[in-house]
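Here is how the chains run, residue by residue.
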Amino acid sequence: MSSARGRPAPAAIASSNGAIALTDASIPILVLKQRPDLFHHAGLAISRSAGELGVTVLRIQEDRFAPSAFSRHGRGVPMLGDGATPDDWLRYLLDLGRQLGRAVLVPIDDVSAVFVDDHAAALRASFLFPERAPEVSRRLSDKAQMHDLCRELGIPTPDCVLPRSEADVIAYAAEGSFPVVVKQIDGWHAPRDARAPSVSIAHTSEQLIEAYGRMESDEAPNVMLQEYIPGGSDSIWMFNGYFDEQSECLFGCAGRKLRQQGPRTGPTTLGECLPGEAVELATRQLAKAVGYCGIIDIGYRYDGRDDTYKLLDVNPRIGGSFRLFVGDNGMDVVRALYLHLTGQPVPESAPRHGRRWIVEPYDVVASMQLGRAGELGLGRWAGSLRGVQEAAWLQWRDPLPFVGMCVRMLLSLPRRLATRRSRRRSRAS
């Protein structure tokens, strides 16, 4: 393999402490985020992971006071406004590419991942990113298409219903089983309520109709009703990996959630890296079937009723919890991506089983919610923190993003409380 700049491929080496080191860190990384989210920690994690190896990282961010802007690793560049069109974004990225000379492009949300695939031909002149068929990201991100693909491949997945209108939802509410999981099918059709969750569990017909009204899109039917699988957060398993052009996994780890943001649904707030042969095999099968290349973040739920791991969601991009999955030599999917795209070999590495990772602010909230529900006592909570080796925000070598996150969360608190009061009043009426 030759490097991105036409030179013979340099070899990745290990430092004296066994960690990954690079012989060529000259090509920067551009983190692409098109949807505003001040507390999306993936960009910061990419900056730290690559920055510690000497790679320059630029992050597209909301403003110069975004929490990640205070990191000593990398720097921010402005995000385009809400009215920006795909053509606006393409021109903006191509201009950044000309300034950078060449860069590895890493999308961190669904809209950005699909955008890169849709505009791959134009972006290829300025950026390095995995090559795959343009329809692959949409097929994997679209939960309805993903459900059909699992059925074709014989991969276990929950049953689902795809309502086409509110009348279909009302019909289900009258005759369907509860609880039921309500999900947005994809992330690029805007919901009617911009603050609607992407996943919700409805226990009653009233909750179902309310969730549908908030989550549905006016652009196209974008809600699925998915079979509810009993179990706590620790029944949700994940696989995080990087696949090459032959859909071979160059680095991958499995793990499971211990707590999540909902706290019944949502992103991981506390997770543990563990052996997971079933989810690894299913992910490799899926990647081969669609010819997948790049980073993948995929979730499963263990169903004790039939002893299967059922595929829930696929993110054909980097996930926010990628730093849970780290090899014994420091490898993660960002480092594997960078090495591979810049023509450097990706050394083999074994997962660090038992490693735990936490998203501090959201895990505090989730723990309090579970505590109020009588599901998490103080002793069990303290025990769950043993083994935490890394946090999403707090890092002693790079402490300022944690401070910035705390300040911005405090400043946003009045607005969040007002939104909750407004929702309560609307429910009561």
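Residues numbered from 1 in each chain as written. Predicted model: local features only at pLDDT ≥ 70, side-chain atom pairs only at ≥ 80, totals over all residues. Heavy atoms only, no water.

A few points about the pairing of strand β14 (residues 268–273)
Among the six residues in β14, six count as buried, and that is most of the element. Strand direction decides the pairing type here: strand β13 (residues 249–260) and β14, joined by five bridges, are antiparallel. Following the sheet pairing, Gln260 is matched in β14 by Thr268. The pairing of β14 with strand β17 (residues 356–358) spans three bridges and is antiparallel. The residue bridging Glu272 from the neighbouring strand is Arg356, located in β17. (Buried < 20%, exposed > 50% of the residue type's maximum accessible area, 1.4 Å probe, protein only. Helix = DSSP H or I, 4+ residues; strand = E, 2+ residues; numbered from the N terminus. Pairing = 2+ DSSP bridges.)

Some words on the environment of Gln34
Locating Gln34 in the fold gives a position in the loop between β3 (29–32) and α1 (42–51). Through-space distance from the C-alpha of Gln34 to that of Trp89 is 8.6 Å; in sequence the pair is 55 residues apart. When residues no more than four places from it in sequence are discounted, the contact partners of Gln34 are Met79, Trp89, Asp109, Val111, Ser112 and Phe115. (Contact = heavy atoms within 4.5 Å.)

Examining the sheet that holds strand β9 (residues 180–184)
Taken together, the four strands give an open sheet; going across it, the order is β8-β11-β9-β10, and neighbouring strands pair in antiparallel fashion. Two strands bound the open sheet, and with one partner strand each, they are β8 (160–161) and β10 (199–202).

Description of unusual backbone geometry
A cis amide bond links Phe178 with the next residue in sequence, Pro179, at an omega value of -5°. By the element assignment, Pro179 lies in the loop between α7 (166–175) and β9. Cis geometry marks the peptide bond from Gly262 to Pro263; its omega dihedral reads 10°. Considering the arrangement of structural elements, one finds Pro263 in the loop between β13 and β14. Even without being a glycine, Ser247 presents a positive backbone phi close to 60°. Mapped onto the fold, Ser247 is located in the loop between β12 (236–243) and β13. Note on Ser247: relative accessible area 5%, which makes it buried. Phi angles above zero are rare outside glycine, and Asp307 is one such case at about 55°. If you trace the backbone, Asp307 turns up in the loop between β15 (294–303) and β16 (308–315).

Looking at the sheet that holds strand β7 (residues 127–128)
What the five strands build is an open sheet, ordered β5-β4-β3-β6-β7; its pairing is parallel. The open sheet has two edge strands with one neighbour each: β5 (75–78) and β7. Sheet topology places strand β6 (residues 103–107) next to β7; two bridges connect them, and they run parallel. Its bridge partner being in β7, Val104 is matched across the sheet by Leu128. Helix-sheet contacts for helix α3 (residues 110–118) involve β3 and β6, and the interaxial angle to β6 is about 130°. (Axes fitted to C-alpha atoms, helices over the stretch in contact; angles between N-to-C directions.)

Brief notes about the nonpolar core
Core analysis: the biggest nonpolar cluster contains 44 residues, and Ile29, Ile46, Val104 and Ile318 have the highest contact counts within it. Listed by contribution, the elements that provide at least two residues to this core are β3, α1, β6, β12, β13, α10 (333–341) and α13 (400–428). Here this core takes seven residues from α10, the largest share from any one element. If near-sequence neighbours (up to four positions away) are discounted, Ile29 is found in contact with Ile46, Ala50, Val55, Thr56, Val57, Leu58, Val104, Val106, Val334 and Tyr338. Grouped together as the second largest cluster of nonpolar side chains are 23 residues, Leu140, Ala287, Val290 and Leu311 included. (Core = buried A, V, L, I, M, F, W, Y, C linked by side-chain atoms within 4.5 Å.)

Thoughts on the pattern of salt bridges
The final tally for this structure, using the stated rule, is 28 salt bridges. Linking Arg264 and Glu375 is a salt bridge whose minimum nitrogen-to-oxygen distance equals 2.8 Å. You can see Arg264 sitting in the loop between β13 and β14 and its partner Glu375 sitting in the loop between α11 (360–372) and α12 (378–384), a full 111 residues away along the chain. Glu375 sits in the partly exposed class, given a relative accessible area of 38%. Linking Glu390 and Arg323 is a salt bridge whose minimum nitrogen-to-oxygen distance equals 3.0 Å. Within this pair, whereas Glu390 is found in strand β18 (residues 388–391), its partner Arg323 is found in the loop between β16 and α10, the two being separated by 67 residues in sequence. Judged on exposure class, the residue Glu390 and its partner Arg323 are both buried. It is possible to trace a salt-bridge network through shared partners that takes in Glu227, Asp303, Arg305, Asp306 and Lys310. (Salt bridge = Lys/Arg side-chain N within 4 Å of Asp/Glu carboxyl O.)

Some points on the packing of α7 against helix α8 (residues 205–215)
One way to put it is that α7 packs onto α8 with a least axis distance of 9 Å and a crossing angle of 160°. Comparing the axis directions of α7 and α8 gives the class roughly antiparallel. Crossing of α7 over α8 shows right-handed handedness. Where α7 approaches α8, its residues Glu166, Val169, Ile170, Tyr172 and Ala173 are matched on the opposing element by Ser205, Leu208, Ile209 and Tyr212. (Parallel < 35°, antiparallel > 145°, perpendicular 65-115°, else oblique. Left-handed = near helix turned anticlockwise from the far one by under 90°.)

Quick word on α8
By the burial criterion, the buried members of α8 are Leu208, Ala211, Tyr212, Arg214 and Met215. In an axial view of α8, the angular spread of the buried residues amounts to 165°, which keeps them on one side of the axis. (Arc of directions from axis to C-beta.)

Some thoughts on the pairing of strand β4 (residues 57–61)
On a regular strand, one side chain projects to one face of the sheet and the next to the other, so that they alternate. Among the five residues that make up β4, five are buried, leaving the element largely enclosed by the rest of the structure. What you see with β4 is no split at all: Val57, Arg59 and Gln61 on one side and Leu58 and Ile60 on the other are buried throughout. Pairing of β3 with β4, which is carried by three bridges, proceeds in the parallel orientation. The residue bridging Ile29 from the neighbouring strand is Val57, located in β4. Direction of pairing for β4 relative to β5: parallel, over a ladder of four bridges. Following the sheet pairing, Leu58 is matched in β5 by Arg75.

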